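Listed below, chain by chain, are the residues.
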Amino acid sequence: MNFVQRMLDADWAAVEEQVFACRPSDVERALRAHPKTEADLAAFLSPAAASYLEEMAKLSHKATLHHFGRTIQMYAPIYVSSECTNSCVYCGFNRHNPIERATLTVDEVVTEAMSLHRQGFRHILLVSGESPPHAPVEYLAEIAQALRSDFSSISIEVYPMSEEDYRTLIDSGVDGLTLYQETYNRDRYLDVHPAGRKRDYLWRLETMDRGGRAGFRRLNLGFLLGLSQWRVDGFFLGLHGAYLTRRYWKSHISVSFPRLRPAAGGYEPPYPVDDAQMVQLMCALRLWLPDAGLVLSTRESQEFRDNLIPLGITQMSAGSRTAPGAYAVHRDAEGQFEVSDHRTPAQVAQTIADMGYDPVWKDWDSAFLATA
């Protein structure tokens, strides 16, 4: 069964009841179990697991060292456009928010990218609002072609596309796809996406399959922490990640943890997630998906990010700006949300090194494929 059908058949309330019904004995069994079952994942996400967080953290640390060593891969986002045709109630780029918007020219994107290149970055993420007329496939392909010789990995976080369009971008030098389902709760999804193409829950849910079939080397998924009950969203995220790992075994699967931050529109998350709960979610997914990368952005504070390095994080952004042109071009545009960690990339890298880890600026080269 593919994951889309699994979600169509899913009973959110039943899973929520299962998670909240877990007892300490269920968590203890899950900690010992190998391989892990879906019942074990539910136990790790349950309120009962809060009393076992220290043990989960130790096992998460051990699993991460085994699969990834002491490395943290560095990346930075480049916002190429803040134009958007959607009405997501939580997003600063919501088409109804009266913000200053901008779409960079290809040359301006190159200027932004090279400012990051001079700071050491070789992994970048191209981000845009969901407006195909402002950021069409041809535009993104031209950007990738202009940057591919200077960056070892170029990923995109834009609107969902067809498999054919993804193949076009891969041929142009894009190797990674990031896309968040926002929430796996279909009813809640419709509530927070009242208009625009993004309202189509299934089109978005099928995106990772299209990306996997197209041949992306990296597939990065997640949900927005704060939109729905995180324990249940975390359960379905875990199932999604496991499905992608089995189905698209040539792609490296990773998981992000974007916690909602203040943005234009003043949206207040109805299901806020505190730090301890976020740690529990990360540890649960590390124990469930030991081979998956875990990604943490500058949405989180300096202290919190530093403390999470030993618990399973394998990839971190640094020096991030969330407005088009904010690194070097200095266009008059507002950001998608407020970042929390304002350190420079060099400062983040130094902290990682001081903690006994290796900040990795480049861990891939397209020449590997030619050699293979």
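Definitions and cut-offs
- Residues numbered from 1 in each chain as written.
- Predicted model: local features only at pLDDT ≥ 70, side-chain atom pairs only at ≥ 80, totals over all residues.
- Heavy atoms only, no water.
- Buried < 20%, exposed > 50% of the residue type's maximum accessible area, 1.4 Å probe, protein only.
- Helix = DSSP H or I, 4+ residues; strand = E, 2+ residues; numbered from the N terminus.
- Contact = heavy atoms within 4.5 Å.
- Pairing = 2+ DSSP bridges.
- Right-handed = clockwise from strand over helix to strand, strands pointing away.
- Salt bridge = Lys/Arg side-chain N within 4 Å of Asp/Glu carboxyl O.
- Phe/Tyr/Trp six-rings, centres within 6.5 Å; stacked < 30°, edge-to-face > 60°.
- Lys NZ or Arg CZ within 6 Å of the ring centre and 35° of its normal.

Colleague: An account of helix α4 (residues 38-45) is requested, with residue identities and associated values reported.
Modeller: The buried count for α4 comes to six of eight residues, which makes it a mostly enclosed element. Taken as a whole, α4 has its buried residues at D40, L41, A42, A43, F44 and L45. The elements touched by buried residues of α4 are α2 (12-21), α3 (24-32), α5 (53-68), α12 (230-247) and α13 (275-288).

Colleague: So what about the pairing of strand β5 (residues 218-223)? Which residues, and what values?
Modeller: The element β5 is extensively covered by neighbouring structure, given that six of its six residues are classed as buried. Where strand β4 (residues 176-182) lies against β5, six bridges are found, and the strand directions are parallel. In the strand pairing of β5, G176 is matched with R218. Here β5 pairs with strand β6 (residues 252-256) via four bridges, running parallel. Across the sheet, the residue bridging to R218 is H252, located in β6. This β-α-β element, β5 to α12 to β6, shows right-handed connectivity.

Colleague: So what's going on with unusual backbone geometry? Residues and values would help.
Modeller: Here the bond from H34 into P35 is cis, since omega is 0 degrees, no more than 30 degrees from zero. As for its position among the elements, P35 is in the loop between α3 and α4. Despite not being glycine, E182 shows a phi value in the positive range, around 75 degrees. Mapped onto the secondary structure, E182 falls in strand β4. Phi at H330 takes a positive value of approximately 60 degrees, unusual for a residue other than glycine. Here H330 lies in the loop between β8 (315-317) and α15 (345-354).

Colleague: Explain the pattern of salt bridges to me, using residue names and the numbers behind them.
Modeller: Tallied over the entire structure, the rule returns 19 salt bridges. A salt bridge links R305 to D341, with the shortest nitrogen-to-oxygen separation between them at 3.0 Å. Placement of R305 in helix α14 (residues 302-308) and of D341 in the loop between β8 and α15 is noted, with a sequence separation of 36 residues between them. The residues R305 and D341 share a single accessibility class, namely buried. Note that D341 is salt-bridged to R343, the shortest N-O span being 2.7 Å.

Colleague: So what's going on with the packing of aromatic side chains? Residues and values would help.
Modeller: Applying the stated rule across the entire model yields 10 aromatic pairs. Taken together, a centroid distance of 6.1 Å and an interplanar angle of 80 degrees make the contact between Y79 and F93 edge-to-face. Here F93 lies in the loop between β1 (71-81) and α6 (106-117) and Y79 lies in strand β1, a separation of 14 residues in the sequence. Side by side, Y79 and F93 carry an identical accessibility label, which is buried. Between the NZ or CZ atom of R197 and the centre of the ring of W203, over which it lies, the distance is 4.4 Å.

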